[in-house]
Amino acid sequence: MYAEIPTGLSEEHEAIRTEVHRFGADVLRPASLQLDLLTPGEVVEQGSPLWKVFRAWYELGSHASSLPTAYGGLELDAAASHALFVELGWAAADLAISLGVAAMPFQLAAQVALLAGNDRLVDELIRPFVEDREARYVGCWAITEPGHGSDTLGVGRAEFHDPAGAGACRARRDGGDIVVSGQKSAWVSNGSIATHALLFCTMEESRGMAGGAVVMVPLDLPGVSRGAPLDKHGQRALNQGEIFFDEVRVPGWCLLADPDLYPTALELTLSHANSGMGAVFTGLARAAFEEALTYARERVQGGKPIAEHQLVQSKLFTMFARYQQARALSKAAMVGLSELGGIGGLAHAISSKVTCTDTAFAVASDAVQVYGGTGMVRGILVEKLLRDARASLIEDGVNEFLGLVAARQLVDSYAC
Ligand SMILES: Cc1cc2nc3c(=O)[nH]c(=O)nc-3n(C[C@H](O)[C@H](O)[C@H](O)COP(=O)(O)OP(=O)(O)OC[C@H]3O[C@@H](n4cnc5c(N)ncnc54)[C@H](O)[C@@H]3O)c2cc1C
């Protein structure tokens, strides 16, 4: 019997991986398939399978898996986090992203609190999030604007410092508060359901995109409103939507990074997000490979299973090899980044995101090919995997542009 090569996890972490796999198979994947067929409005309605997923995840305490033990989190090490996100991605990449993004603002806030000390952040946001078992605290990451997409992520590039390129969503200091006005685009993941936004906006226009601020914004404050949930062809279980800010007054202790710290905060966030994407879409590639293998063994055509045809075997092997490459790369990037303390490994995180999402798309496309006509039918998993993987080539940064961001770092500072 052929089995997956060992993960190298401790017994304790292997048990977590097994538990997350079971959660993925029993809860996440069936919910994602159901949500895929609903309208975006139905996806976010109370009573939809989305809330069953969120409540089950928070009930397990897994939503706080990356938060420090100092604040009650599980503080999984990087290898265990990698295994966890691969399992979630295997089950349903769209919901894996939704659950991952839900924790993002609280993770960055915890890092800031650990470094700078901020009791209000800890008492009013981080601990309540960690202790939450009903999904009452749900985060989102809001950076893209209607007039600003790839350029918001161009940390290190010359145009990032061009005053003419500053973002339109603005924050200003007013007394001890921060006042926010402007709009974030319909692409904000969890934008329809989030209770808190990790808002990346402009504070010093004269510095261009680099003059930003990161503000934790509770989304029940006066002046916050939202657009309708976005209707898209892939990752349909991942709710997305616009958020508008009209003179929203946020207490000063919610400022996580001012313009001096902004490029570092963005690099940290981008590195974290990209390495997470690498792991999630490694999982999707594995799901596509496994679906194709199972189908090829079962589908009898011309008198024998199609798995007995050499061309099908060749395709299956290529899919397997690509998945294994993604698995090794995404793990190395996540572990390496953690050893660096989250900063200094952006090019590695981007390599992981770009390679693993390209791989997921290629392997999902091959899986549809192995299925033949059946692979085009709604309700067949590989058809959904292909749509979900397609979105990942744009999500958290268009792959081509992320490559330019990484290249800038390599040209400027790679030691040969
Ligand atoms: C599934 C999904 C989830 C997302 N989640 C979030 C989220 O949680 N929060 C959030 O804020 N945003 C989110 N986004 C938005 C995402 O980060 C942006 O879509 C992405 O950064 C690209 O921006 P854009 O769509 O405006 O494309 P554009 O920036 O307009 O780019 C369009 C094309 O032009 C190319 N291009 C742009 N600039 C350059 C350049 N300087 N040189 C060469 N080529 C260039 C790009 O490569 C691309 O091919 C999500 C998007 C998707 C699809």
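As the structure is a computational prediction, the values presented were derived from the model and not from experiment. Numbering of residues starts from 1 in every chain and runs along the sequence as written. Local features in a predicted model are, by the rule used here, given only for residues with pLDDT of at least 70; side-chain atom pairs are given and counted only at 80 or more, and totals for whole chains, interfaces and linings are based on all residues. Excluded from the side-chain calculations are hydrogens and water; all other atoms, namely the structure's heavy atoms, are used.

### Observations regarding the packing of helix H1 (residues 11-36) against helix H5 (residues 93-116)
Part 1: Angular values range over 0 to 180 degrees, each being the angle between N-to-C directions of two axes fitted as lines to C-alpha atoms, with helices fitted over their stretch in contact. Numbering goes from the N terminus for both helices and strands, where a helix is a DSSP run of H or I of at least four residues and a strand is a run of E of at least two. Relative orientation of the contacting elements H1 and H5 amounts to 105 degrees, with a least axis distance of 9 Å. Relative to H5, the element H1 lies roughly perpendicular. Facing Phe23, Leu28, Ala31, Ser32 and Leu35 of H1, the residues of H5 in contact are Asp94, Leu95 and Leu99.
Part 2: Note on residue categories: nonpolar means Ala, Val, Leu, Ile, Met, Phe, Trp, Tyr, Cys or Pro, charged means Asp, Glu, Lys or Arg, and polar means any other residue, Gly included. Split by residue class, the contact of H1 with H5 holds six nonpolar, one polar and one charged. In this scheme, roughly parallel covers angles under 35 degrees and roughly antiparallel covers those over 145, while 65 to 115 is roughly perpendicular and the rest are oblique. In what follows, a contact means two residues having at least one pair of non-hydrogen atoms within 4.5 Å.

### Examining the site of the ligand
Part 1: Proximity is defined per residue: any heavy atom of the residue falling within 4 Å of a molecule or strand makes that residue near it. Close to the ligand lie 21 residues, the nearest being Trp141, Ile143, Thr144, Ser150 and Ser189.
Part 2: At 2.8 Å from an oxygen atom of the ligand is found a main-chain nitrogen or oxygen belonging to isoleucine 143.
Part 3: The separation between an oxygen atom of the ligand and a polar side-chain atom of serine 150 is 2.7 Å.
Part 4: Within the complex, the protein chains bury 69% of what would otherwise be the 980 Å² of accessible surface of the ligand. In protein, a polar contact requires one atom able to donate a hydrogen and another able to accept it; more generally it is a pair of N or O atoms within 3.5 Å, and residues adjacent in sequence count only if both atoms are side-chain atoms. The Shrake-Rupley method, run with a 1.4 Å probe sphere, supplies the accessible areas, and residue values consider only the shown protein chains as cover.

### Brief notes about the environment of alanine 110
Part 1: With respect to the element layout, alanine 110 can be found in helix H5.
Part 2: As a C-alpha pair, alanine 110 and leucine 121 span eleven residues in sequence and 7.9 Å in three-dimensional space.
Part 3: Beyond its immediate stretch of four places on either side in the chain, alanine 110 contacts Leu67, Pro68, Tyr71 and Ile126.

### Comments concerning the packing of aromatic side chains
Part 1: Aromatic pairing here means that ring centres of Phe, Tyr or Trp (its six-membered ring) are within 6.5 Å. Orientation follows from the plane angle: under 30 degrees is stacked, over 60 is edge-to-face, and everything else is tilted. In the structure shown here, the tally under the stated rule is ten aromatic pairs.
Part 2: Between phenylalanine 23 and tryptophan 57, the ring centres sit 5.2 Å apart and the planes meet at 35 degrees, which makes this aromatic pair tilted. Highlighted residues: phenylalanine 23 in helix H1 and tryptophan 57 in helix H3 (residues 49-59), separated in sequence by 34 residues. Just as phenylalanine 23 is buried, tryptophan 57 falls in that class too.
Part 3: For the pair phenylalanine 200 and tyrosine 262, a centre-to-centre distance of 5.8 Å together with 65 degrees between the ring planes defines the contact as edge-to-face. Here the residue phenylalanine 200 occupies a position in strand E4 (residues 196-202), and tyrosine 262 occupies one in helix H7 (residues 262-298), the gap between them amounting to 62 residues.
Part 4: Taken together, the aromatic side chains of Trp51, Phe54, Tyr58, Phe106, Phe129 and Tyr137 make up a single cluster linked through ring pairs.
Part 5: Taking the ring centre of tryptophan 90 as reference, the NZ or CZ of arginine 29 above it sits at 4.1 Å. When a residue's accessible area, from a 1.4 Å probe over protein chains only, is under 20% of the maximum for its type it is buried; when over 50% it is exposed; and in between it is partly exposed. Only Lys NZ and Arg CZ are tested; either one counts as a charge over a ring when it is within 6 Å of the ring centre and within 35 degrees of the ring normal.

### Some remarks on the environment of glutamate 87
Part 1: Mapped onto the fold, glutamate 87 is located in helix H4 (residues 78-91).
Part 2: Expressed as a C-alpha distance, the spacing of glutamate 87 and arginine 17, which sit 70 residues apart in the sequence, is 7.3 Å.
Part 3: Those residues in contact with glutamate 87 that sit more than four places away from it in its chain are Arg17, Val20, His21 and Arg286.

### A word on the packing of H1 against H3
Part 1: Following both chains from N to C, one finds H1 and H3 inclined at 160 degrees, their axes separated by 9 Å at the closest point. Comparing their axes, H3 and H1 come out roughly antiparallel. In terms of crossing hand, the pair formed by H1 and H3 is left-handed. Where H1 approaches H3, its residues Val20, Phe23, Val27, Leu28, Ala31, Gln34 and Leu35 are matched on the opposing element by Pro49, Leu50, Val53, Ala56 and Trp57. Note on convention: the crossing is left-handed when the near helix lies turned anticlockwise from the far helix by less than a right angle, right-handed when the turn is clockwise.

### Let's talk about the domain arrangement of the protein
Part 1: Where a domain begins and ends is set by an automatic assignment or by a domain database. Domain annotation for the protein reports domain 1 (11-131), domain 2 (139-260) and domain 3 (263-413).
Part 2: Taking only C-alpha atoms, the centre of domain 1 and the centre of domain 3 are 21 Å apart.
Part 3: In this assembly, 23 residues from domain 1 lie in contact with 27 residues from domain 3.
Part 4: The junction of domain 1 with domain 3 conceals about 2000 Å² of combined surface from both sides, 67% of it contributed by carbon and sulfur atoms.
Part 5: We count a salt bridge whenever a side-chain nitrogen from Lys or Arg sits within 4 Å of a carboxyl oxygen from Asp or Glu. Here domain 1 and domain 3 share five salt bridges between them.
Part 6: Measuring nitrogen to oxygen at the nearest pair gives 2.8 Å for the salt bridge that ties aspartate 36 to arginine 387. Take the accessible area each of two parts loses on contact, using a 1.4 Å probe, and add the two losses: that sum is the buried area.

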